[in-house]
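# Structural features, examined
So you can see what is in the structure, the chains are spelled out below.
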Amino acid sequence: MRISLKYLLLVAPAALTIAVLFLYPLGFSLIAAFTDDAQRLTLAHFRKVYALYSTDILFTLIVVLSSVALLALISITLSAVITLSSCRPIVQMLAFLYRLPLFIPFIVAAQMMRTFLAKNGLMNNALVASDLLTPMETISWLGWKGIIITFVWKQLAFATLLICGAMAALEQSQILAARNLGASRPRILFDIILPQVLPAIGVALVLSTVTMMSVLSVPLMIGVGTPTMITVDMAFRVNSYGDYAVANALSVVSLLICGALSWFYLRHSLRQKGGE
């Protein structure tokens, strides 16, 4: 009994924090999204969301899925180079560079990219100074392109750490045996490594998706108007109108999108384990 009480006291602060900071706001948002001022069930808030923000919801989906696809491609490529390359200087340089975004907050990353991708930003100024472009040929990369670039750059360290760690944990004897049999690096990657690290890739992409769906600073600072992401719409409804009901309805839509992607990953993962 004393041991059980000790365990309860040990987990109580964490459980209380989760209940107060996560479960209570989640329950309040769900109730407020489906009820009116008289506490009656209604779908009016969701009808307003569809009428006003359906384009923004589609825009959010396109931006997030495009970012996740690019993130998967780049993080898997980096992890494969770090794991399979025999050129140690390149591996050490990549291992140093890809970790940099891990320690930079999203709001700082957004401000950096805003000054880097603007028409008169650092990137275009460097291209003009190198005589690769003229000042009249420069274009702004702010907007949806800048949002995708920022998301991918910021999440690259997190995804690569997970995937590269999973690749490094594999039995090296499998890779050595494939090399001794004459297998090329791409074949080793696709036939031996990737099938075994798919769970880690899925976890990295699902967590990155949830993070992108919840970020406000990047679309707010890099976006150029409409359409925009639904996090900006939530902030606008609260700050401009004090309309928490519609903001909560938007948060439910965001929750459903993240839940659907997570369900797809879990279903695919469980199907693979069942097939084994």
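To start, this report covers the structure provided alongside it. Quantities reported herein were computed from a predicted structural model and do not represent experimental measurements.

## Some details on the pattern of salt bridges
Scanning all chains against the criterion turns up 3 salt bridges. Notably, a salt bridge pairs arginine 40 with aspartate 36, separated by 3.2 Å at the nearest N-O pair. Looking at aspartate 36, the relative accessible area reads 22%, which means it is partly exposed.

## Observations concerning the packing of aromatic side chains
Under the defined criterion, the tally for this structure stands at 4 aromatic pairs. Ring geometry for phenylalanine 34 and phenylalanine 46: centres 4.8 Å apart, planes at 40°, overall tilted. Of this pair, phenylalanine 34 sits in helix 1 (residues 2-34) while phenylalanine 46 sits in helix 2 (residues 44-84); the two residues are 12 residues apart in sequence, bridging distant segments of the chain. On the basis of relative accessibility, which here comes to 31%, the residue phenylalanine 34 falls in the partly exposed class. For phenylalanine 46, a relative accessible area of 19% translates into the label buried. Taking the centre distance of 5.4 Å and the plane angle of 80° together, the rings of phenylalanine 236 and tyrosine 241 count as edge-to-face. Judged by its relative accessible area of 38%, phenylalanine 236 falls in the partly exposed class. On the basis of relative accessibility, which here comes to 54%, the residue tyrosine 241 falls in the exposed class. In this arrangement the basic side chain of lysine 145 is found over the ring face of tryptophan 141, its NZ or CZ atom lying 4.9 Å from the centre.

## Observations concerning helix 10 (residues 230-241)
With 12 residues, helix 10 should cover 16 Å at 1.5 Å per step; its first-to-last C-alpha distance of 16 Å lies within 8% of that length. If you check which residues of helix 10 are buried, you get Ile230, Thr231, Val232, Asp233, Met234, Ala235 and Arg237. Directly beyond the C-terminal end of helix 10, a positive phi value near 60° is found at glycine 242.

## Details of unusual backbone geometry
In this chain, threonine 226 is followed by proline 227 through a cis amide linkage whose omega measures -5°. In this structure, proline 227 sits in the loop between helix 9 (217-222) and helix 10. In this structure, glutamine 39 takes a positive phi of about 65° despite not being glycine. Tracing the sequence through the fold places glutamine 39 in the loop between helix 1 and helix 2. Here aspartate 131, not a glycine, exhibits a phi torsion of approximately 65°, which is positive. Position of aspartate 131 among the secondary structure elements: in the loop between helix 5 (122-129) and helix 6 (144-168).

## Quick notes on the side chain of asparagine 124
Turning to its location among the elements, asparagine 124 is positioned in helix 5. At 3.1 Å, the side chain of asparagine 124 and the backbone oxygen of lysine 119 are in polar contact.

## Some details on the packing of helix 4 (residues 106-117) against helix 6
At a closest axis distance of 10 Å, the pairing of helix 4 and helix 6 adopts a crossing angle of 130°. Taken as axis vectors, helix 4 and helix 6 run oblique relative to one another. Taken as a pair, helix 4 and helix 6 cross one another with a handedness that is right-handed. Facing helix 4, whose interface residues are Phe106, Ala109, Ala110, Met112, Met113 and Leu117, helix 6 presents Gly146, Ile149, Thr150, Phe151, Trp153, Lys154 and Gln155. Counted by class, the contact of helix 4 with helix 6 contains 9 nonpolar, 3 polar and 1 charged residues.

## With respect to the environment of asparagine 120
Among the secondary structure elements, asparagine 120 is positioned in the loop between helix 4 and helix 5. You can call asparagine 120 exposed: its relative accessible area is 66%. Along the sequence, asparagine 120 and valine 215 sit 95 residues apart, while their C-alpha atoms lie 26 Å from each other.

Criteria and cut-off values
- Numbering of residues starts from 1 in every chain and runs along the sequence as written.
- Residue-level local features of this predicted model are given only where pLDDT is at least 70; pairs of side-chain atoms are given and counted only at 80 or more, and the full residue set underlies all totals for whole chains, interfaces and linings.
- For the side-chain quantities, the full set of heavy atoms in the structure was used; hydrogens and water were omitted.
- By convention in these notes, a salt bridge is any Lys or Arg side-chain nitrogen within 4 Å of a carboxyl oxygen on Asp or Glu.
- Remark: exposure states derive from per-residue accessible area (1.4 Å probe, protein chains only) relative to the maximum for the residue type, with buried under 20%, exposed over 50%, and partly exposed in between.
- Put simply, two rings from Phe, Tyr or Trp (the six-membered ring, in Trp's case) pair if the centres are within 6.5 Å, and we call them stacked under 30 degrees between planes, edge-to-face over 60, tilted for the rest.
- Counting from the N terminus, the helices are the DSSP runs of H or I reaching at least four residues and the strands are the DSSP runs of E reaching at least two.
- Our definition puts a charge over a ring when NZ of Lys or CZ of Arg is within 6 Å of the ring centre and also within 35 degrees of the ring normal.
- Working rule for helices: expected span equals 1.5 Å times residues minus one.
- Polar contact is the term for a pair of N or O atoms within 3.5 Å; when the atoms are in protein, one must be able to donate a hydrogen and the other to accept it, and sequence-neighboring residues count only if both atoms are side-chain atoms.
- To obtain an axis, a line is fitted to C-alpha atoms, over the contacting stretch when the element is a helix, and the angle between two such axes runs from 0 to 180 degrees between their N-to-C directions.
- Put simply, angles under 35 degrees are roughly parallel, angles over 145 are roughly antiparallel, angles from 65 to 115 are roughly perpendicular, and the rest are oblique.
- Less than a right angle of anticlockwise turn of the near helix away from the far helix marks a crossing as left-handed, whereas a clockwise turn marks it as right-handed.
- Contacts were defined at the residue level, with two residues in contact if any of their heavy atoms lie within 4.5 Å.
- Amino acids are sorted into nonpolar (Ala, Val, Leu, Ile, Met, Phe, Trp, Tyr, Cys and Pro), charged (Asp, Glu, Lys and Arg) and polar (every other residue, Gly among them).

Keep in mind these values describe shape, not function.
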